[in-house]
Amino acid sequence: HGGPELTEEDVINGAVLGPNGYVYRPPPPSQQLRIDMQVTVTGCSTWREVLEVVDRDGDLFDFRNTSTAVHRVARYGQEETQAVLAHPVFPKLVMMLRAKVKFLTARALSDAAWGLAKLQCRDDVAFERLAERAKALAGDLDPQGLALTAWAFATVGRQDQELFAALTKESHRRMPEFGPQNIANLVWATATLGFRCDPLHAAAVQAALANLDDFSAQNLTMLNWALTKLAFPAGDAWRNAFRLKMMQLKEYAPSELSMMAWALATRGDYDPEFMAYIARRAMELMRSFTGQHVATIIWALATVSYKDDPCIDEFLSMALGAIIARAHEFQPLNLALISWGLAKMSYRAEVAFEALCAAATAQIDDFIPQNLVQIMWACATCGYRSDPFLIGASRAAKRRFRDFSSQHLSNFIWACARLGWKDDPDLLQKFCAEANGKMHEGSPQHLSNIAWAVSQLGKELCPGCLPAVVAETARRLSEFDSPSLMMLSDSLFDAKYGEGRDEPLLDVLRARVSDMGSELLRIFTSGLPARRGIASPAQIAEYQQRLRALGLVTFGYEHTHSLFSQLSLAEGQRWEPAEASAMQGWTTNARRSTCARRHYVKVGSTMLQDPGSIFTSAFASSADDARCDFVVTWLGHGKADAPTTGRASRVGDAECRAIMDAHEMITQAAQEQGTTDIRGSISLHTSGVPCLSCVGIAAQFKRCYPNVAFCFTFAP
């Protein structure tokens, strides 16, 4: 009590506490002994040999020997980290490092930090001391030391603003000395910890552009990933140079391809050629892909690609085999992202969803709400029902329903309704009660989803939901976009909400939907432009602008039927849905929309007959729009509306292709006959509600050929 005590350094160096408070401290190792220890450590060829030396001679180590030992253990043991961390001597090595951090030189510090991070050793005391030492030595660290120190702290997730301020300041000063690997490691570290330093990152981009040929695929993908993660405006020069360089390279690791795809999608860059290149390279490496790699690329494709992009189908077919064979190996997050991506791209491969749902069911207790909802939403969107999964999902959801956000609640309830899952009334009642309490957090789309779900499930399973939706909508009506308004109005009508009593909101919603319908009728009659080549560019632009201004892609099932009647597109003989779907080539099991066409048109004395043909959607660009005789309007496909950037076009839609093909045949026959006497009938049946661009194409066809009866039907 009150006498001398052994310090941490004393213990590590073999000091002994003797009688009467006497402390025996061995003499410091001689220079030759330190050299001998260094030679002994560097002469080891396995991590176990290094730890044997530590156990035997550790009390003779100086700071350099200790740092070298940590570095060598990591170098040899990085593939066996769990075994290294569990070895009884490893804690002694960490203790030695803690005691000697204050003596570390710049090189020894970066070696030690790298070694601990490589082994995933997150010793708080060691890293706290390393951070303090690194701040003091920042000016002495060379470019490799700066990059490795930053990389080490990022790898173990150690946030230290003061340390990174010092590292980035010194790195910016010495950026001309940095090589490709150091640049990549440094910027990756700042991005991983969310530390944005614009002067440093701008200098890194310029250094990379000046020496691009020296960068490996790994260096480039790490740097590009980091700049994207930081939302740093790298500029077109970087984007174009990176794209060109990556498309010249031929060999990639799976992680590099997934990072490239992730960056494209995160930035929202629509680049069909580059994405196709990534998809082709990914197909070559599919056997070595992990679940994370598959999930990342599918997520990226679904996020940034458009319907019928040519690069997607072949990749998805290849990925399908990996999903079916290895889904049981995938983590919950990967299962969720793959499911979400397939559904987003309308890839309704039942065998894939069967494997994904089986794997998810086996791990159901490991799912967080977001991932659970993603699979529910995906299954509902693709119409795949797996009762074992739904039972497991219901059980897991009930345990954690209070952790679900308003968005998660609405999507989960919507999915139950879409799949007809009413087998667990207790689940639905709990979820609806929770949704009522969080209604103020929901977006207009989520409120509309809940209303639609109640209209399908029944008010008795969702008590109080519709009044809560109506009250919240009335409070925030100005926030609702056109699709949400229309869906909410139809859902409340289907649920018979307000029947027999005055509900002011219903009148407002119906008036809004009626106004949309009236505007569409005006656009497709008096606002319809003449054929391309006759109409002026201003007339075409006005038509397209008015149609896009409505904010709708389709007008919904019932409303489109009504619109067709008003546009004289419901005349003549209808297709029987079963007859159309039985035709060879009809498919709803992939990403393509399908259209069955039949026509009997007499042009002068020539009869053009088509007893039945199938058209499927195909990729087309905005350049194809400009060549179309009728005016096509880009309405978006769940993405930003930018029709002039070469994005996928509506001219490739199945119904548009069917109509334009008939128009071209009629035009050619009319020119050959020298006649304008054209009469007969044409019937279309499509696999889904047609978009408003295709409704406009049909209206233009009808105006061009008023004596041809047009009957346009579609599956719900």
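How each quantity is defined
- Residues numbered from 1 in each chain as written.
- Predicted model: local features only at pLDDT ≥ 70, side-chain atom pairs only at ≥ 80, totals over all residues.
- Heavy atoms only, no water.
- Pairing = 2+ DSSP bridges.
- Helix = DSSP H or I, 4+ residues; strand = E, 2+ residues; numbered from the N terminus.
- Axes fitted to C-alpha atoms, helices over the stretch in contact; angles between N-to-C directions.
- Contact = heavy atoms within 4.5 Å.
- Core = buried A, V, L, I, M, F, W, Y, C linked by side-chain atoms within 4.5 Å.
- Buried < 20%, exposed > 50% of the residue type's maximum accessible area, 1.4 Å probe, protein only.
- pLDDT = per-residue confidence, 0-100.
- Phe/Tyr/Trp six-rings, centres within 6.5 Å; stacked < 30°, edge-to-face > 60°.
- Parallel < 35°, antiparallel > 145°, perpendicular 65-115°, else oblique.
- Left-handed = near helix turned anticlockwise from the far one by under 90°.
- Nonpolar A, V, L, I, M, F, W, Y, C, P; charged D, E, K, R; others polar.
- Polar contact = N/O pair within 3.5 Å; in protein donor to acceptor, adjacent residues only side chain to side chain.
- Right-handed = clockwise from strand over helix to strand, strands pointing away.
- Expected span 1.5 Å × (residues − 1).

Trainee: I'd like a rundown of the sheet that holds strand E6 (residues 708-714), residues and numbers included.
Mentor: Sheets are built from strands that pair by backbone hydrogen bonding, the pairs being arranged parallel or antiparallel. Pairing within the open sheet is mixed, and its four strands lie in the order E4-E3-E5-E6. Only two strands of the sheet have a single neighbouring strand rather than two, namely strand E4 (606-616) and E6. Within this sheet the neighbouring strands show an average axis-to-axis angle of 5 degrees, counted without direction. Note: strand E5 (residues 678-686) against E6, seven bridges, orientation parallel. Each bridged residue has a counterpart across the sheet, and for Gly680 the counterpart in E6 is Val708. Contacting strand E3 (594-603), E4, E5 and E6, helix H33 (residues 654-673) runs over the sheet at an angle of about 15 degrees to E3.

Trainee: Break down the pairing of E4 for me, citing the residues and quoting the values.
Mentor: Relative to E4, E3 runs antiparallel, the two sharing nine bridges. The residue bridging Tyr600 from the neighbouring strand is Gln609, located in E4. The hairpin formed by E3 and E4 contains two residues between the paired strands, and Gly604 there has a positive phi angle of roughly 60 degrees.

Trainee: Residues and numbers for the nonpolar core, please.
Mentor: Grouped together as the largest cluster of nonpolar side chains are 247 residues, with contacts concentrated most on Ile298, Phe315, Leu342, Phe389, Phe412, Phe524 and Phe701. Residue contacts for Leu342: discarding those within four places in its chain leaves Ile298, Leu316, Ile323, Tyr347, Ala352, Phe353 and Leu356.

Trainee: An account of the confidence of the model for the chain is requested, with residue identities and associated values reported.
Mentor: Summing up the model confidence of the chain, the mean pLDDT is 90 and the portion of residues at 70 or higher is 92%. When the criterion is pLDDT under 50, residues 637-648 qualifies, and its contacts beyond four places in sequence or with other chains add up to 33 contacts.

Trainee: So what's going on with the packing of aromatic side chains? Residues and values would help.
Mentor: Any two aromatic rings considered together are summarised by their centre-to-centre distance and by the angle between their planes. This structure, assessed with the given rule, holds 17 aromatic pairs. Note on Phe412 and Phe431: the rings are 4.6 Å apart at their centroids and 35 degrees apart in plane angle, and the pair reads as tilted. In this pair, Phe412 is assigned in helix H23 (residues 406-419) and Phe431 in helix H24 (residues 425-437), connecting sequence segments 19 residues apart. Here Phe431 falls in the buried class, since its relative accessible area comes to 1%. Taken together, a centroid distance of 6.3 Å and an interplanar angle of 45 degrees make the contact between Trp414 and Trp452 tilted. Pair noted here: Trp414 is in helix H23 and Trp452 is in helix H25 (residues 444-457), with a separation of 38 residues, a long-range link.

Trainee: Residues and numbers for the packing of helix H16 (residues 272-284) against helix H18 (residues 312-326), please.
Mentor: At a closest axis distance of 9 Å, the pairing of H16 and H18 adopts a crossing angle of 25 degrees. As judged from the angle between their axes, H16 and H18 are roughly parallel. Handedness of the crossing formed by H16 with H18: left-handed. Contacts between H16 and H18 involve Ala279, Ala282 and Met283 from the first element and Glu314, Phe315 and Met318 from the second. Of the residues contributing to the contact of H16 with H18, the split by class is five nonpolar, no polar and one charged.

Trainee: So, unusual backbone geometry: which residues are in play, and what are the values?
Mentor: Positioned with a positive phi, Gln120 is a non-glycine residue whose angle comes to about 55 degrees. In this structure, Gln120 sits in the loop between helix H7 (106-118) and helix H8 (124-137). Of note in the backbone geometry, Lys496 takes a positive phi value of approximately 60 degrees without being a glycine. Structurally, the position occupied by Lys496 is in the loop between helix H27 (482-494) and helix H28 (504-523).

Trainee: Explain the side chain of His201 to me, and be specific about the residues and the numbers.
Mentor: In this structure, His201 sits in helix H12 (residues 198-210). Classification of His201 as buried rests on a relative accessible area of 0%.

Trainee: Go over the environment of Thr42 with me, naming the residues and quoting the values.
Mentor: Inspection of the secondary structure puts Thr42 in helix H2 (residues 31-42). Overall, the relative accessible area of 33% leaves Thr42 in the partly exposed class. For the pair Thr42 and Ala69, spaced 27 residues apart in sequence, the C-alpha separation works out to 7.9 Å. Those residues within four positions of Thr42 in sequence are excluded, and the remaining contacts are Thr68 and Arg72. Here the side chain of Thr42 touches Val39 through a polar contact of 3.2 Å, landing on its backbone oxygen.

Trainee: Got a sec to walk through the pairing of E5? Specific residues and values, please.
Mentor: Here E3 pairs with E5 via nine bridges, running antiparallel. Within E5, the residue paired with Val603 across the bridge is Ile678. Once you follow E5 into helix H34 (residues 692-704) and on to E6, the crossover reads as right-handed.

Trainee: Quick one: what's the story with helix H21 (residues 369-382), residue by residue and with numbers?
Mentor: Between the first and last C-alpha of H21 there are 20 Å, a value that for 14 residues agrees with the 20 Å anticipated at 1.5 Å per step. Burial within H21 is extensive, with 13 of its 14 residues counted as buried. One or two positions beyond H21, positive phi appears at Gly383, with a value near 70 degrees.

Trainee: Account for H34, with residues named and values stated.
Mentor: Taking 1.5 Å per residue, 13 residues should reach 18 Å; H34 reaches 18 Å between its end C-alpha atoms and fits that length. In terms of burial, H34 is a largely internal element, eleven of the 13 residues being buried. Those residues of H34 that fall on the buried side of the exposure criterion are Leu692, Ser693, Cys694, Val695, Gly696, Ile697, Ala698, Ala699, Gln700, Phe701 and Lys702. The inward-facing, buried residues of H34 contact H28, helix H29 (537-549), helix H30 (557-566), H33, E5 and E6.

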